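Each chain, written out:
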Amino acid sequence: MRAVIVFESMFGNTQELAAAVGEGLRTAGAEVAVSDVGLLAPGTLAGCDLLVLAAPTHALTMSRPQSRAEAVSRGADPRQLHSGMREWLDGVDQSLPTTEDRPAVAVFDTRISKARHWPGSAAGAMARALRRHGFVVAARASFYVNDVKGPLVAGERDRAEGWGSALATGAPAAQHVAG
Ligand SMILES: Cc1cc2nc3c(=O)[nH]c(=O)nc-3n(C[C@H](O)[C@H](O)[C@H](O)COP(=O)(O)O)c2cc1C
């Protein structure tokens, strides 16, 4: 199986989990490429069997230029300002034009643990956008940070690695799903 993980990350937490999911997939035998959504090279998705999209939850959904600007004002890397998952998904029909090119997709987001029961999430918004573009969403999960900048809640890195392994075997581990 060839898997490509595309992440957006303002403070590095989603990026760390994307790497962990990649390790889990590799452990289960997959060939894996991991890329920042803003740096995804043309052709990376060719021949991909599983696409994993990852993004931080901002204001109950995927980030927008304004929420990314707010993250930068709180210390995030300004290079991330223009590289949103929302904008990439808007153009996904150009990246993967035909139905036959379209891999199964799994999505995950990061969220603040104390907002666990808030109704919206980036993963839910990504799943809805993907379905609108004709994709089949095979799995969805949320992973938790302690506060806006992180760090990850204890155990989340290992949980992400396990989720990655389960994706490769077609049996996603138990997930918290909201929004
Ligand atoms: C502008 C802004 C809005 C946010 N809104 C939410 C939210 O609605 N729900 C939530 O759980 N976390 C929210 N967060 C926290 C982010 O989810 C958190 O910063 C992110 O998961 C960290 O991942 P990253 O290091 O990859 O950017 C928000 C953060 C920012 C900067």
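Residues numbered from 1 in each chain as written. Predicted model: local features only at pLDDT ≥ 70, side-chain atom pairs only at ≥ 80, totals over all residues.

**What about the packing of helix α1 (residues 13–27) against helix α6 (residues 156–168)?**
The angle between the axes and the distance between the axes are what describe a pair of packed helices.
In step 1: Closest axis-to-axis distance for the α1/α6 pair is 7 Å, and the angle between their directions is 40°. When the axes of α1 and α6 are compared, the pair comes out oblique. Our pair here, α1 against α6, has a crossing hand that is right-handed. On α6, the residues touching E16, L17, A20, V21, G22, E23, G24, L25 and T27 of α1 are E156, R157, A160, E161, G162, W163, G164, S165, L167 and A168.
In step 2: Counted by class, the contact of α1 with α6 contains eight nonpolar, six polar and five charged residues. (Axes fitted to C-alpha atoms, helices over the stretch in contact; angles between N-to-C directions. Helix = DSSP H or I, 4+ residues; strand = E, 2+ residues; numbered from the N terminus. Parallel < 35°, antiparallel > 145°, perpendicular 65-115°, else oblique. Left-handed = near helix turned anticlockwise from the far one by under 90°. Contact = placed C-beta atoms within 7 Å. Nonpolar A, V, L, I, M, F, W, Y, C, P; charged D, E, K, R; others polar.)

**With respect to the UniProt feature "domain: Flavodoxin-like" (unreviewed entry) in the protein**
In step 1: Within this structure's numbering, the places UniProt gives as "domain: Flavodoxin-like" (unreviewed entry) are residues 3–168.
In step 2: Here residues 3–168 is 35% helix and 22% strand, with 9 Å between the C-alpha atoms at its ends. (UniProt positions renumbered as here; feature names shortened; annotations may be inferred.)

**A closer look at the environment of V105**
In step 1: In this fold, V105 is placed in strand β4 (residues 104–112).
In step 2: Sequence spacing of V105 and L53 is 52 residues, and the spatial spacing of their C-alpha atoms is 7.4 Å.
In step 3: If near-sequence neighbours (up to four positions away) are discounted, V105 is found in contact with L51, L53, L130, F135, V136, V137 and A138.

**Re the site of the ligand**
In step 1: Taken together, the neighbourhood of the ligand is formed by 22 residues, with F11, N13, T14, T110 and R111 sitting nearest.
In step 2: Elements that contribute at least two residues to the shell around the ligand include exactly α1, α2 (65–73) and β4.
In step 3: Its residues placed into classes, the shell around the ligand shows 11 nonpolar, nine polar and two charged. (Near = placed C-beta within 6 Å.)

**Some remarks on helix α5 (residues 122–132)**
In step 1: Of all 11 residues in α5, eight are buried; the element is thus mostly enclosed.
In step 2: When we look at burial in α5, the residues that qualify are A122, A123, G124, A125, M126, A127, A129 and L130.
In step 3: In this fold, the buried residues of α5 make contact with β3 (50–56), α3 (85–90), β4 and β5 (137–145).
In step 4: Downstream of α5 by a residue or two, G134 has a phi angle that is positive, lying close to 90°. (Buried ≥ 20, exposed ≤ 12 C-beta atoms within 10 Å, placed from the backbone.)

**Observations regarding the nonpolar core**
In step 1: Formed by 46 residues in total, the largest nonpolar core has its most connected members in I5, V21, L51, V52, L53, A54 and M126.
In step 2: Within the residue set of this core, elements represented by two or more residues are β1 (2–7), α1, β3, α3, β4, α5, β5 and α6.
In step 3: Looking at this core, the element that brings in the most residues is α5, giving seven residues.
In step 4: Among all residues touching V52, those that are not within four sequence positions of it are A3, I5, V21 and A106. (Core = buried A, V, L, I, M, F, W, Y, C linked by C-beta atoms within 7 Å.)

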